[in-house]
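Tertiary structure, described
Below, each chain spelled out in residue letters.
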Amino acid sequence: MRKNTQLDDTLCVIPPETPLEGFASLAVPVYRASTIVFPNAAAYRNRAARAPDGYTYGLSGTPTSRTLERQLSALHNAEWAIMVPSGQAAISATMLALLRSGDHLLVADNVYPPVKQFTRILADLGIKTEFFDPTQMADLEARLQPGRTKLVWVESPGSTSMEVCDIPGISRLTKSADALLGCDNTWATGLLCKPLELGVDVVAEALTKYVGGHSDLLLGAIIVQDRELYGRIRGTLGCLGVGVSPDECSLALRGLQTMGLRLRHVGEVSEELAHRLAQSCKHAVLHPSLSESPGHMLWARDFKGSSGVFSVRLERIPAEAIDRALDELKTFVIGASWGGTRSIVAPMVIANDRHVMRSSETITYLRISIGLENIDHLWADLQRLMGVVGT
Ligand SMILES: *Cc1c(COP(=O)(O)O)cnc(C)c1O
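Residues numbered from 1 in each chain as written. Predicted model: local features only at pLDDT ≥ 70, side-chain atom pairs only at ≥ 80, totals over all residues. Heavy atoms only, no water.

Let us now look at the overall build of the protein chain. In terms of regular secondary structure, the protein chain is built from 13 helices and twelve strands. Considering only C-alpha atoms, the protein chain reaches an extent of 80 × 55 × 40 Å along its principal axes. A buried classification covers 51% of the 391 residues belonging to the protein chain. Taking the contacts inside the protein chain whose residues are at least 6 apart along the sequence as the reference set, 71% of them involve residues at least 24 apart. Approximately 18900 Å² of the protein chain is accessible, and the part contributed by carbon and sulfur atoms is 53%. Separation of charge centres in the protein chain, based on 38 positive and 42 negative side chains, amounts to 4 Å. (Helix = DSSP H or I, 4+ residues; strand = E, 2+ residues; numbered from the N terminus. Buried < 20%, exposed > 50% of the residue type's maximum accessible area, 1.4 Å probe, protein only. Contact = heavy atoms within 4.5 Å. Areas by Shrake-Rupley, 256 points an atom, 1.4 Å probe, with all protein chains shown as cover. Lys, Arg positive; Asp, Glu negative; His and termini not counted. Charge placed at Lys NZ, Arg CZ, Asp CG, Glu CD.)

Let's shift gears to the sheet that holds strand 3 (residues 128-132). Strands sit in the order 1-7-6-5-4-2-3 across an open sheet of seven strands; the sheet is mixed. Single-partner strands in this sheet number two, and they are strand 1 (80-84) and strand 3. Adjacent strand axes in the sheet meet at a mean angle of 20° when their direction is disregarded. The pairing of strand 5 (residues 180-184) with strand 6 (residues 202-206) spans three bridges and is parallel. Across the sheet, the residue bridging to glycine 182 is valine 202, located in strand 6. (Pairing = 2+ DSSP bridges. Axes fitted to C-alpha atoms, helices over the stretch in contact; angles between N-to-C directions.)

Grouped together as the largest cluster of nonpolar side chains are 108 residues, with contacts concentrated most on Leu68, Met95, Ile222, Ile233, Phe310 and Ile370. Examining the composition of this core, we find that eleven residues originate from one element, helix 10 (residues 246-280), more than from any other. Of the residues that make up this core, three or more belong to each of domain 1 (41-253) and domain 2 (259-389). The contact partners of phenylalanine 310, leaving out residues within four places of it in the chain, are Met162, Ser270, Leu273, Ala274, Leu277, Val285, Leu286, His287, Leu366, Arg367, Ile368 and Ile370. (Core = buried A, V, L, I, M, F, W, Y, C linked by side-chain atoms within 4.5 Å. Domains from an automatic or database assignment.)

Cis geometry is found at the peptide bond from alanine 51 to proline 52, where omega equals 5°. Tracing the sequence through the fold places proline 52 in the loop between helix 2 (41-45) and helix 3 (63-75). In this chain, serine 156 is followed by proline 157 through a cis amide linkage whose omega measures -5°. Tracing the chain through its elements places proline 157 in the loop between strand 4 (149-155) and helix 7 (167-176). Positive phi outside glycine occurs at serine 215, with the angle close to 55°.

A separate point is the packing of helix 3 against helix 10. How two helices pack is summed up by the angle between their axes together with the distance between the axes. As a packed pair, helix 3 and helix 10 sit with axes 8 Å apart at the nearest point and diverge in direction by 35°. Relative to helix 10, the crossing made by helix 3 is left-handed. In this structure, helix 3 contributes Thr64, Ser65, Thr67, Leu68, Gln71 and Leu75 to the contact, and helix 10 contributes Pro246, Cys249, Ser250, Ala252, Leu253, Leu256 and Met259. A per-class count over the contact of helix 3 with helix 10 returns eight nonpolar, five polar and no charged. (Left-handed = near helix turned anticlockwise from the far one by under 90°. Nonpolar A, V, L, I, M, F, W, Y, C, P; charged D, E, K, R; others polar.)

For helix 3, spanning 13 residues, the distance from its first C-alpha to its last is 18 Å, which sits close to the expected 18 Å at 1.5 Å a residue. Those residues of helix 3 lying buried are Thr64, Ser65, Arg66, Leu68, Glu69, Leu72 and Ser73. One or two steps after helix 3, the chain reaches asparagine 77, where phi turns positive at roughly 50°. (Expected span 1.5 Å × (residues − 1).)

Per the domain assignment, the segments making up the protein chain are domain 1 (41-253) and domain 2 (259-389). Each of domain 1 and domain 2 has a C-alpha centre, and the two are 26 Å apart. Listed by partner, the interface residues are 40 residues for domain 1 and 35 residues for domain 2. Taking both partners together, domain 1 and domain 2 bury about 3200 Å²; carbon and sulfur atoms supply 65% of that area. The largest share of the area that domain 1 buries against domain 2 comes from Thr160, Trp187 and Tyr210, three residues that together contribute 25% of it. Inspection of the domain 1/domain 2 interface yields one salt bridge. Aspartate 166 is the partner of arginine 301 in a salt bridge, and the nearest nitrogen-oxygen pair spans 2.7 Å. At the surface where domain 1 touches domain 2, the tally comes to 17 residue pairs in polar contact (both at pLDDT 80 or more). Of all elements in the fold, only helix 5 (113-124), strand 3, helix 7 and helix 8 (189-192) reach the threshold of two or more residues within the side of domain 1 that touches domain 2. Here the side of domain 1 that touches domain 2 takes three residues from helix 8, the largest share from any one element. (Buried area = accessible area lost by both parts, 1.4 Å probe. Salt bridge = Lys/Arg side-chain N within 4 Å of Asp/Glu carboxyl O. Polar contact = N/O pair within 3.5 Å; in protein donor to acceptor, adjacent residues only side chain to side chain.)

As for its position among the elements, aspartate 184 is in strand 5. One buried charged side chain, aspartate 184, makes no salt bridge at all; its nearest oppositely charged neighbour is lysine 209, positioned 7.4 Å away. Within polar-contact distance, the side chain of aspartate 184 engages the side chain of threonine 186 at 2.7 Å. Not counting the four nearest positions on each side in its chain, aspartate 184 is found in contact with Ile91, Tyr112, Trp153, Val154, Glu155, Ser156 and Ala204.

Written out as structure tokens, the structure is:
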């Protein structure tokens, strides 16, 4: 026989109010919610008035995600930020929100390759993409179609090949054609570059990399200054049903706490190792801090320093020799993604990803991300590697 437990049933589902008085924690709480309840019926009826960033439903944010949004927008001296599930989602959602059938999109040829794949979906929606060389202003100028080009997308330094582009110059051209300018700022983060201050309208970042910082989360951010742009992008994400987990945001908030220190360290070590490699091997070392690097002057003007990612260009080294060299590594690990505490290297052949900035099948880029290991161990590894592919 079951005894009457009706009262206990209710006690089970309504937690007692526990006072927060005296609990002054330094940590941002993890707020979980799908449902948001309202103080009365009128407040519920008028909930649309809480737009664009008030709390109405878990999908559009919790105090945990809002805290991260506000911390990132503060880093960019911006008004608004929106969290999305990945860096790629930050880029694709921005493009979907800002473009419609008949529009023309210009994308720098050296962007994160999955962005180019996404433009095939845009093509099916009637949005035409063209790629341009972001190091050649004349190329961009020739391809801009005033009235039709609605968005120009750049990434600086470019993925893998590390070209720095003239963001203020590109912004002037873009504005004169009445188009918006978007920029993937994952390499620099808001600590080393604030693209909105250089004339960019929308910044996308993969928090997966330096903000997360420990290779254990996926998250992206869209950062804007303009309230109308913010509303359009937030609205599109709501319609798509895209939201983020407070647990991921909590990890990103924790990562942010040490990002300044981590970035300063990996920036110094990456500059030092790039310099040593450039001095000691015949292969081209692609790091914007090197004075002989083509983007060096722009980098010195627009960036506050280096992060930990750079590349070495290997020409005509057989894949088999490169694999053998990578298998010699003791401290570096091999893999995609970057920005964590472990140093990582990825061999990249980018010929098929490039449309206007030619690369060759015979060129392999070693993309190197410096982590927090001891520099002597990393240098010993790089010397071992160069010992196999030839100094
Ligand atoms: C990794 C990366 C992305 C994508 O980030 P995810 O969170 O992995 O989707 C976008 N842009 C750049 C420059 C990246 O390195």
